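Fold and contact review
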Amino acid sequence: MEKMNMIQAINRALHDAMEADETVLALGEEVADPEGGGIVGVTKGLSDRFGEDRVLSTPISEQAIIGAAIGASLIGYKPVAEIMLMNFTTVAMDMIVNHAAKLRYMSGGQTNVPIVIRTMTGAGFSSGGQHADYFEAWFAHTAGMKVVAPSSPADAYGLIRSAVDDPDPVMIVENMPIYWIKGDVPEPGHRTPIGKAAVVREGDDATIVSYSRTLRESLGAADKLSQQGIRAEVIDLRSIQPWDREAVLASVARTGRCLVAHEAVTPFGTGAEIAAVVSRELFGRLKAPVERLGAPFNPVPFAKPLELAHIVDADKIAAAVVRMF
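All of the points below concern the structure found in this document. (Residues numbered from 1 in each chain as written. Predicted model: local features only at pLDDT ≥ 70, side-chain atom pairs only at ≥ 80, totals over all residues. Heavy atoms only, no water.)

1. Points about the overall build of the protein chain
So the rule is basically this: Secondary structure elements follow DSSP: runs of H or I no shorter than four residues count as helices, runs of E no shorter than two count as strands, and numbering proceeds from the N terminus. This radius of gyration counts C-alpha atoms alone. The globule rule is 2.2 Å times how many residues there are, raised to the power 0.38. The buried label goes to any residue with under 20% of its type's maximum accessible area, the exposed label to any with over 50%, and the partly exposed label to all in between, with areas taken from a 1.4 Å probe on protein chains only. Contacts were defined at the residue level, with two residues in contact if any of their heavy atoms lie within 4.5 Å. For the area figures, the Shrake-Rupley method with a 1.4 Å probe applies, and any residue is considered shielded solely by the protein chains shown. Charge convention: Lys and Arg are scored as positive, Asp and Glu as negative, and His as well as the terminal groups of each chain are ignored. Every charge is mapped onto a representative atom, which is NZ of Lys, CZ of Arg, CG of Asp or CD of Glu.
When helices and strands are tallied, the protein chain shows 12 helices and 14 strands. The C-alpha atoms of the protein chain give 19 Å as radius of gyration, which agrees with the globular expectation for 325 residues (20 Å, within 12%). Once the C-alpha set of the protein chain is aligned to its principal axes, its extents read approximately 60 × 45 × 40 Å. Split into buried and exposed, the 325 residues of the protein chain put 55% on the buried side. Within the protein chain, counting contacts between residues at least 6 apart in sequence, those at least 24 apart form 81% of the total. Of the roughly 13,500 Å² of accessible surface on the protein chain, 55% is carried by carbon and sulfur atoms. Charged side chains of the protein chain number 30 positive and 40 negative; the gap between the two group centres comes to 7 Å.

If you want it as structure tokens, here you go:
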């Protein structure tokens, strides 16, 4: 298969979705080609191909971007709205949580909001405390929202296509530090099912559940653990809400140990929900308590040594698994 990075895969997914369905729109700050096709070029070439009435650069107003996307969705369009950085979703929380996520329920199912919200985040560029947070748990906690987080170009493509098809709001959390890592991209039209995890490495001694950039660190941790005779199974969650309970429970029932690793801070995170479910469903069959590993409970530091200490990496994941033995 062809190799490309995540930026190219997302660009191709948007291109293919817009080619297949003229109701698919893209909007956000600087997304059109006269403005550069986004700050890292994710939407480059799309307005030249489909026109600036379908690829619309907006003012710097996150509420306006999401509000316009919701309005367009209610009259038959499928908008893909880009919020440049995940921290900036805070500006549009009312639109996302009180409107996009609730309109199907509040209308008694008479209307739906088929919007996709793309946003990027991720520590590692010394961008400071207001540009690199993971807030996926906020939106996963919002009834009516779906939240996905790809770790590879193939899943970035497949999740975009599935999100565009979905009749309800879907947030796609893209990790900037892995944008340029190359991988396989499936044939045009491929869909990665929302709500289905993937076992990306098999093992019998412990289960590591992760997603996004931390999934790649988990694979590195599995390599380190194998040198100590520990065979770790690694599950790429891919979809945070809904998450694949069956896949996770089947793996942990076999290995008896579970670590959930994510880039977001540990308290009240995705790991807490998964740990609660696994502990309840597999009580009495676990060989060790279910563990969570996330960032320390503080904003993302600017200073490089502190930022590196903040990030969940392969060494920290491997050490957390060893502690379960």
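2. What to know about helix 4 (residues 93-100)
How we decide: For this quantity, the arc is that covered by the directions from the helix axis to the C-beta atoms.
Among all positions in helix 4, only Ile96, Val97 and Ala100 are buried. Viewed end-on, helix 4 has its buried residues packed into an arc of 120°, placing them on one side of the element. Buried-residue contacts for helix 4 involve helix 3 (62-74), helix 5 (103-106), strand 5 (116-121), helix 6 (136-140) and strand 7 (170-175).

3. Let's talk about the sheet that holds strand 13 (residues 258-265)
As a reminder, the rule being used: Strand pairing is assigned whenever DSSP detects at least two bridges linking the two strands. The angle between two axes is taken between their N-to-C directions and runs from 0 to 180 degrees, where each axis is a line fitted to C-alpha atoms and a helix contributes only its stretch in contact.
Pairing is mixed in the open sheet, where 5 strands are placed in the order 9-11-10-13-14. Taken across any chain shown, the strands that pair with only one partner, and hence form the sheet edges, are strand 9 (198-201) and strand 14 (291-295). Strand-to-strand twist across the sheet, computed as the mean angle between neighbouring axes with direction ignored, equals 25°. By the bridge criterion, 5 bridges tie strand 10 (residues 206-210) to strand 11 (residues 232-236) in an arrangement that is parallel. The residue bridging Thr207 from the neighbouring strand is Glu233, located in strand 11. Most of the contacts of helix 8 (residues 212-226) go to strand 11, to which it runs at about 170°, and overall it touches strand 9, strand 10, strand 11 and strand 13.

4. Details of the environment of Arg54
Quick note on the threshold: Any pair of nitrogen or oxygen atoms within 3.5 Å is treated as a polar contact; in protein, a donor-acceptor pairing is required on top of that, and neighbouring residues in sequence qualify only through side-chain atoms on both sides.
The topology assignment puts Arg54 in the loop between helix 2 (46-50) and strand 3 (55-57). With a relative accessible area of 14%, Arg54 lands in the buried category. Along the sequence, Arg54 and Met18 sit 36 residues apart, while their C-alpha atoms lie 8.7 Å from each other. Here Arg54 is in contact with Met18, Asp21, Glu22, Thr23, Val24, Leu25 and Ala26, once residues within four sequence places are set aside. A polar atom in the side chain of Arg54 sits 3.0 Å from the backbone oxygen of Met18.

5. Side note on helix 1 (residues 6-20)
Quick reminder of the rule: Expected helix span is given by 1.5 Å per residue-to-residue step, counting one fewer step than there are residues.
With 15 residues, helix 1 extends 21 Å from end C-alpha to end C-alpha; this agrees with the ideal 21 Å at 1.5 Å per step. The N-cap of helix 1, judged by a side-chain oxygen 3.1 Å from the amide nitrogen of Ile7 a few residues on, is Asn5.

6. Description of the side chain of Asn11
With respect to the element layout, Asn11 can be found in helix 1. Setting aside anything within four residues of it in sequence, one finds Asn11 in contact with Gly41, Val42, Thr43, Lys44 and Leu46.

7. Some remarks on the pattern of salt bridges
Here is the rule: For this analysis, a salt bridge means a side-chain nitrogen from Lys or Arg found within 4 Å of a carboxyl oxygen belonging to Asp or Glu.
Inspection of the entire model under this criterion finds 19 salt bridges. Linking Asp204 and Arg231 is a salt bridge whose minimum nitrogen-to-oxygen distance equals 3.7 Å. With a gap of 27 residues between them, Asp204 in the loop between strand 9 and strand 10 and Arg231 in the loop between helix 8 and strand 11 connect regions that are remote in the sequence. The partly exposed category is assigned to Arg231, whose relative accessible area is 45%. Several salt bridges share partner residues, and in doing so they unite Asp204, Asp205, Arg231, Glu233 and Arg254 into one network.

8. Topic: the sheet that holds strand 12 (residues 239-241)
The 7 strands lie next to each other as 3-2-4-5-7-6-12, forming an open sheet whose pairing is mixed. Each edge of the sheet is formed by a strand with only one pairing partner; in this case those strands are strand 3 and strand 12. Ignoring which end each strand starts from, the neighbouring axes of this sheet average 20° apart. Here 3 bridges tie strand 2 (residues 24-28) to strand 3, and the two strands are oriented parallel to one another. Bridge pairing in strand 3 places Gly28 opposite Ser57.

9. What to know about the packing of helix 9 (residues 245-255) against helix 10 (residues 270-281)
Quick reminder of the rule: Roughly parallel here means an angle under 35 degrees, roughly antiparallel means over 145, roughly perpendicular means 65 to 115, and every remaining angle is called oblique. Crossings are assigned a handedness: left-handed for a near helix turned anticlockwise from the far helix by less than a right angle, right-handed for a clockwise turn. In the scheme used here, Gly and all other residues not listed as nonpolar or charged are polar, with Ala, Val, Leu, Ile, Met, Phe, Trp, Tyr, Cys and Pro taken as nonpolar and Asp, Glu, Lys and Arg as charged.
Interaxial distance between helix 9 and helix 10 falls to 11 Å at its minimum, and their mutual angle equals 55°. Accordingly, the angle class assigned to the pair helix 9 and helix 10 is oblique. Helix 9 and helix 10 meet at a crossing whose hand is right-handed. Side by side, helix 9 and helix 10 meet where Arg245, Val248, Leu249 and Val252 of the first sit next to Ile274, Val277, Val278 and Glu281 of the second. Considered class by class, the residues forming the contact of helix 9 with helix 10 number 6 nonpolar, no polar and 2 charged.

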